[in-house]
Amino acid sequence: MTIVFTAPRKGPEGFEERCINAGLQCICVNHASDFLLYPNAGLYIDAGFDGTFISSAVPVLFHCPALPFSRMPLAPANTARFCAWPGFWERETWEIAAQPTFGSFFETKLALAGIKALQVADIAGLIAPRILCTIINEAAYTLADGVANATDIDTAMKLGTNYPLGPAEWARKIGYTEVKSVLESMALENRRYLPHAGLQQLTG
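Below, the structure is looked at part by part.

Moving on, we get to the packing of aromatic side chains. Tallied over the full model, the rule gives 16 aromatic pairs. For the pair F49 and F62, a centre-to-centre distance of 4.7 Å together with 50 degrees between the ring planes defines the contact as tilted. Here F49, found in the loop between β3 (43–46) and β4 (60–63), pairs with F62, found in strand β4; they are 13 residues apart in sequence, far enough to count as distant. Side by side, F49 and F62 carry an identical accessibility label, which is buried. Taking 5.2 Å as the distance between ring centres and 90 degrees as the angle between the ring planes, the aromatic pair formed by F53 and F62 counts as edge-to-face.

As summarised here, the arrangement of the seven strands in space is β2-β1-β3-β4-β5-β6-β7, forming an open sheet in which the pairing is mixed. Edge positions in the open sheet fall to β2 (25–29) and β7 (116–119), since each of these has one partner strand only. The average angle at which neighbouring strand axes cross in this sheet is 30 degrees, direction not considered. Bridge count for strand β1 (residues 2–6) against β3 is four bridges, and the pairing is parallel. For I3, the partnering residue across the bridge sits in β3 and is L43.

About the criteria used
Residues numbered from 1 in each chain as written. Predicted model: local features only at pLDDT ≥ 70, side-chain atom pairs only at ≥ 80, totals over all residues. Heavy atoms only, no water. Phe/Tyr/Trp six-rings, centres within 6.5 Å; stacked < 30°, edge-to-face > 60°. Helix = DSSP H or I, 4+ residues; strand = E, 2+ residues; numbered from the N terminus. Buried < 20%, exposed > 50% of the residue type's maximum accessible area, 1.4 Å probe, protein only. Pairing = 2+ DSSP bridges. Axes fitted to C-alpha atoms, helices over the stretch in contact; angles between N-to-C directions.

This is the structure we're talking about:
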């Protein structure tokens, strides 16, 4: 099988090696429009999704943790959402929210690359990104209240919960725009998720 993909913002981070080790052919292209040059591919992965959908017979897995399909009426029926943030892209398990009837397709194809597809509800933020962004937002409140500085908050979270990174470290790794987009999408359901005004301070 051939997987054609666009790389996430910080690069492919060994994705080609993962595919090669699984015996797959892997082709990295600059934009999703280039997918159409490979009509015989088994799967398209748009980890650099810019909001532009392509129409193709080959199903597309695209990076979009923030918006559920209910807010993307132009999304083709053969697509699924996932999160390609740094620290998520490299994982052995990917959360996916697929359009109806296509979930098993993505599970099967990703399994060939050694990736387990965990099907989740089609909600704003998926699951892990939703939780992480909420924690980052709470850290912004803690910082603004003068309880602790960003370094101390990170240290407390890592020592107290055994997290690999603290909220500020995650915020810098993911990027302010991505975190804010998830929180804003969640806030359309409940205003308690509105991004804190000082959120950008955590990104350094």
